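Below, each chain spelled out in residue letters.
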Amino acid sequence: MKTSQDQPFLLQVCNLHKRFGGVYAVKDITFDVPTGIIYGILGPNGSGKTTLFNLISGVTKPDAGQVFFQGNECTAYPAHSLAKLGIARTFQNLRLFTGMTVLENVLVGGHLITPTNLWTIGFVQHSHKKIEAELYDKALQWIEWVGIQEYRDLLANQLPYGAARRLEIARALMSNPKLLLLDEPAAGMNPNEAASLSDLIRSIRDQGVTVVIIEHNVRLMVSLCDTILAIDHGEFLAIGTPNEIVRHPLVIEAYIGTSNGLAK
Ligand code: ADP
Ligand code: MG
């Protein structure tokens, strides 16, 4: 394995396997994500996409296989260690603190990478006050940047769905990730909201954050991704540009059933 200095790939997934009971959720999946792109993972419901993210982000331990970040192995590292390395994620089923405000939810994302638990220290020492003030400013900036400033002081459970998804993204960005994993960020959005979310994801990439996205919305994936990996039943189907993927016979068969349906 190459060192981080000469490593062309930010993320490398090598022969990952995960079984639940007798059924493979992920079977021998291998792919590499270069720095600076939007990389899509496409597949029908139940094809293993979320499990793959769970394996990469340390939520689930693989039965076999390895994950490398910047050339260094990080298989099954816990979320806080991965956050320190520069990996952040959002969840298909939102995992917000519903009894906390939007601002507080975003601040939690920053505390994943601070050296001490500032909540328990209680803002007492000057240096901690300074760090806290910086986190606060940063949280406000990300809230504005993802476009949910009007909801800043609302509880997370009072947000419209689209805003809650953007809140998860703001929280993930608080840890200064190099790699952001987005699990169906446009789920439940109308076409206008999804288009505006695409613009946000492109601007995240343009800030230097590499994005890996799982999404059901094929049109969104085709317009957004530089490269797409297609999987089905936990197994590799194809990899290529969006245009190659929507025309790939195995992908068409697995995902939609008709070539018209996919390429539209
Ligand atoms: P996708 O995100 O592509 O819809 P998932 O990764 O959620 O697919 O699921 C892949 C397969 O693994 C499905 O058959 C699902 O039922 C199964 N699965 C996922 N998580 C678990 C779990 N914690 N326990 C048992 N089976 C699971
Ligand atoms: Mg899923």
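Definitions and cut-offs
Residues numbered from 1 in each chain as written. Chains lettered and ligands numbered in written order. Predicted model: local features only at pLDDT ≥ 70, side-chain atom pairs only at ≥ 80, totals over all residues. Heavy atoms only, no water. Helix = DSSP H or I, 4+ residues; strand = E, 2+ residues; numbered from the N terminus. Buried < 20%, exposed > 50% of the residue type's maximum accessible area, 1.4 Å probe, protein only. Contact = heavy atoms within 4.5 Å. Areas by Shrake-Rupley, 256 points an atom, 1.4 Å probe, with all protein chains shown as cover. Near = heavy atom within 4 Å. Polar contact = N/O pair within 3.5 Å; in protein donor to acceptor, adjacent residues only side chain to side chain. Nonpolar A, V, L, I, M, F, W, Y, C, P; charged D, E, K, R; others polar. Donors = N, O, S within 2.8 Å, 3.2 Å for Na, K, Ca; no water. Phe/Tyr/Trp six-rings, centres within 6.5 Å; stacked < 30°, edge-to-face > 60°.

A. View of the overall build of the chain. Looking only at helices and strands, one finds 11 helices and 10 strands in the chain. Evaluated residue by residue, the chain yields a buried proportion of 50% over its 264 residues. Taking the contacts inside the chain whose residues are at least 6 apart along the sequence as the reference set, 65% of them involve residues at least 24 apart. Within the structure as shown, the chain displays about 12,300 Å² of accessible surface, and the carbon and sulfur contribution to it stands at 52%.

B. Structural context of the site of ligand 1. Around ligand 1 sit Phe20, Ala25, Pro44, Asn45, Gly46, Ser47, Gly48, Lys49, Thr50 and Thr51, and that is every residue in its neighbourhood. In this structure, an oxygen atom belonging to ligand 1 sits 3.0 Å away from a main-chain N or O atom of Gly48. At a separation of 2.8 Å, an oxygen atom of ligand 1 approaches a polar side-chain atom of Lys49. Here ligand 1, which alone exposes 560 Å², has 56% of that area covered by the protein. The element best represented in the shell around ligand 1 is helix H1 (residues 49-56), accounting for 3 residues. Residues that form the shell around ligand 1 fall into these classes: 3 nonpolar, 6 polar and 1 charged.

C. Quick peek at the environment of Ala187. Within the element layout of this structure, Ala187 appears in the loop between strand E7 (179-183) and helix H7 (191-206). With 30 residues separating them in the primary sequence, Ala187 and Asn217 have C-alpha atoms 8.1 Å apart. Ignoring sequence-local partners within four residues, the contact set of Ala187 consists of Tyr161, Arg165 and Glu215.

D. Summary view of the coordination of the magnesium ion (ligand 2). Taken together, the protein ligands of the magnesium ion (ligand 2) are Thr50 (OG1) and Gln92 (OE1), with distances of 2.1 Å. In this pair, Thr50 sits in helix H1 while Gln92 sits in the loop between strand E6 (87-89) and helix H3 (102-111), placing the two residues 42 residues apart along the sequence. On the basis of relative accessible area, Thr50 is assigned to the partly exposed category, the value being 26%. Given a relative accessible area of 25%, Gln92 falls into the partly exposed group.

E. Representation of the packing of aromatic side chains in the model. In this structure the tally under the stated criterion is 2 aromatic pairs. Their ring planes at 20 degrees and their centres at 5.4 Å tell us that Phe31 and Tyr39 sit as a pair that is stacked. Assessed through its relative accessible area of 1%, Tyr39 is described here as buried. With a centroid separation of 5.2 Å and an interplanar angle of 75 degrees, the aromatic rings of Trp142 and Trp145 are classed as edge-to-face. Here Trp142 and its partner Trp145 are both found in helix H5 (residues 126-145), 3 residues apart, which amounts to about one turn of the helix. For Trp142, a relative accessible area of 16% corresponds to the buried category.

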